[in-house]
Amino acid sequence: YRITGNGESTWVRSGIPSEIDLADVEGAVAEVRDPAFVLGESGFGRMVFSDEGNIRAADEIGDGQTWAFESDPLLAATDDEPVLRDPFLVLGSDGWFLYYAVEIDGISSIYLATSADGFNFTRRGTVVAIEGESATDPSVLYDSQVGRWRMWFSQTGGDGLPLLAQASSDDLAI
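Residue positions are counted from 1 within each chain, in the order its sequence is given. Reporting of local features is limited, given that this is a predicted model, to residues whose pLDDT is at least 70; pairs of side-chain atoms are given and counted only at 80 or more, and all residues count toward the totals for whole chains, interfaces and linings. As a convention, hydrogens and water are excluded, and side-chain values are obtained from all of the structure's heavy atoms.

A word on the overall build of the protein. Each helix corresponds to a stretch of at least 4 residues labelled H or I by DSSP, and each strand to a stretch of at least 2 residues labelled E; elements are numbered beginning at the N terminus. Counting its secondary structure elements, the protein contains zero helices and 13 strands. Helices and strands in the protein line up, N terminus first, as β-β-β-β-β-β-β-β-β-β-β-β-β. Residue burial is assigned from relative accessible area. The probe radius is 1.4 Å, only protein chains are included, and a residue is buried under 20% of its type maximum, exposed over 50%, and partly exposed in between. Counting across all 174 residues of the protein, residues that qualify as buried make up 40%. Taking as baseline every contact in the protein between residues at least 6 positions apart, the subset at least 24 positions apart corresponds to 34%. Contact between two residues is taken to exist if any of their heavy atoms lie within 4.5 Å; hydrogens are not considered.

Okay, here's the thing in structure tokens:
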């Protein structure tokens with residue numbers, strides 16, 4: 001379903017038809033989670049999401065009722081990055097910035113991949129790593145009041161309790 005605002009303080013739920021059925025997408029699997037949406041340069045929407053350790057994308061066609069799915073992952077799990085999840089995509093002045101969590105031996109850190117076209121991503125490395133603790137679920141927005149990019153993320157503290165944390169950057173990069 002698509003949630004759209006109606007100008008009041010509530011959300012209106014509206015359906016997205018079966019074009020979103022991932023069972024019909026070659027290479028897609030049933031364990032889909034962590035969707036994030038960004039509006040592209042020409043007004044199209046791009047959704048990124050996790051599926052069984054990979055990060056995939058779907059592009060909005062027209063009014064948001066029809067989507068084109070990429071059959072290959074934007075980023076696939078590797079030996080060095082065995083479980084990818086929690087993607088968040090940002091379109092900056094220098095291209096596309098894909099933030100995502102990588103889980104290794106039960107500890108997650110936030111990584112970055114970049115792309116000039118939004119399709120071909122290059123892994124750039126770790127953005128947030130906290131020794132002995134996990135950092136997941138990045139959300140990145142530009143804060144015009146302070147003139148910096150801000151990232152909010154979930155963190156599991158050394159005592160096992162969940163925390164919300166924040167980091168900032170001048171340029172979205174590492």
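And the narrative resumes.
Before going further, it helps to examine the packing of aromatic side chains. Only centres within 6.5 Å qualify two rings of Phe, Tyr or Trp (six-membered ring in Trp) as a pair; their planes then separate them into stacked at under 30 degrees, edge-to-face at over 60, and tilted for everything else. With the rule as written, the count across this model stands at two aromatic pairs. Judged by centre distance (5.2 Å) and plane angle (65°), the ring pair of Tyr 142 and Trp 149 falls under edge-to-face. With a relative accessible area of 46%, Tyr 142 lands in the partly exposed category. Judged by its relative accessible area of 17%, Trp 149 is buried. As a reminder, the over-ring test applies to NZ of lysine and CZ of arginine, requiring each to be within 6 Å of the ring centre and within 35 degrees of the ring normal. Directly above the aromatic system of Phe 119 lies the positively charged group of Arg 46, at a separation of 4.3 Å from the ring centroid.

Turning to the nonpolar core, a few remarks are in order. The biggest cluster of nonpolar side chains holds 30 residues, and the ones touching the most others in it are Leu 98, Tyr 99 and Tyr 100. Where this core is concerned, the elements lending two or more residues are β3 (32–39), β5 (54–61), β7 (84–92), β8 (95–104), β9 (107–115), β11 (134–143) and β12 (148–156). Looking at this core element by element, the count peaks at six residues for β8. Of all hydrophobic cores here, the second largest spans five residues; its members include Met 47, Phe 49, Ala 58 and Phe 69. Among buried residues, the Ala, Val, Leu, Ile, Met, Phe, Trp, Tyr and Cys ones that are joined through side-chain atoms within 4.5 Å form a nonpolar core.

Turning our eyes to something else, we now look at the environment of Gly 158. When you line up the elements, Gly 158 lands in the loop between β12 and β13 (162–169). Measuring from C-alpha to C-alpha, the distance between Gly 158 and Ser 134 comes to 9.0 Å, with 24 residues separating the pair along the chain.

This next bit is on the confidence of the model for the protein. Looking at the protein as a whole, its pLDDT mean stands at 81, while 80% of the residues score no less than 70. One number per residue, pLDDT, summarises how confident the predictor is, and it ranges from 0 to 100. Per-element mean pLDDT across the protein ranges from 50 in strand β1 (residues 2–5) up to 95 in strand β10 (residues 122–128). Throughout residues 15–19 the model reports pLDDT below 50, and contacts reaching past four residues in sequence, or to other chains, amount to 12 contacts.

Two strands pair under a simple rule: DSSP has to find at least two bridges between them. Strand order across the open sheet formed by four strands is β7-β8-β9-β10, with antiparallel pairing between neighbours. In this open sheet, the two strands that pair with only one neighbour each are β7 and β10. Geometrically, the sheet is characterised by an average inter-axis angle of 25° between neighbouring strands, direction not taken into account. Here an angle of 0 to 180 degrees is reported between the N-to-C directions of two axes, which are lines fitted to C-alpha atoms, with helices fitted over the stretch in contact.

Moving on: the side chain of Ser 115. Along the chain, the position of Ser 115 falls in strand β9. Pairs of N or O atoms are called polar contacts if they sit within 3.5 Å, as long as, within protein, a hydrogen donor faces a hydrogen acceptor (for residues adjacent in sequence, only side-chain-to-side-chain pairs). Side-chain polar atoms of Ser 115 contact the backbone nitrogen of Gly 118, separated by 2.8 Å. A polar side-chain atom of Ser 115 sits 2.9 Å from the main-chain carbonyl oxygen of Asn 120. Among residues more than four places away in sequence, those in contact with Ser 115 are Gly 95, Trp 96, Asn 120 and Phe 121.

What follows concerns unusual backbone geometry. Unusually for a residue other than glycine, Asp 86 sits at a positive phi of about 55°. Tracing the chain through its elements places Asp 86 in strand β7. On the basis of relative accessibility, which here comes to 4%, the residue Asp 86 falls in the buried class. Phi is positive for Asp 105, close to 55°, though the residue is something other than glycine. By the secondary structure assignment, Asp 105 is in the loop between β8 and β9.

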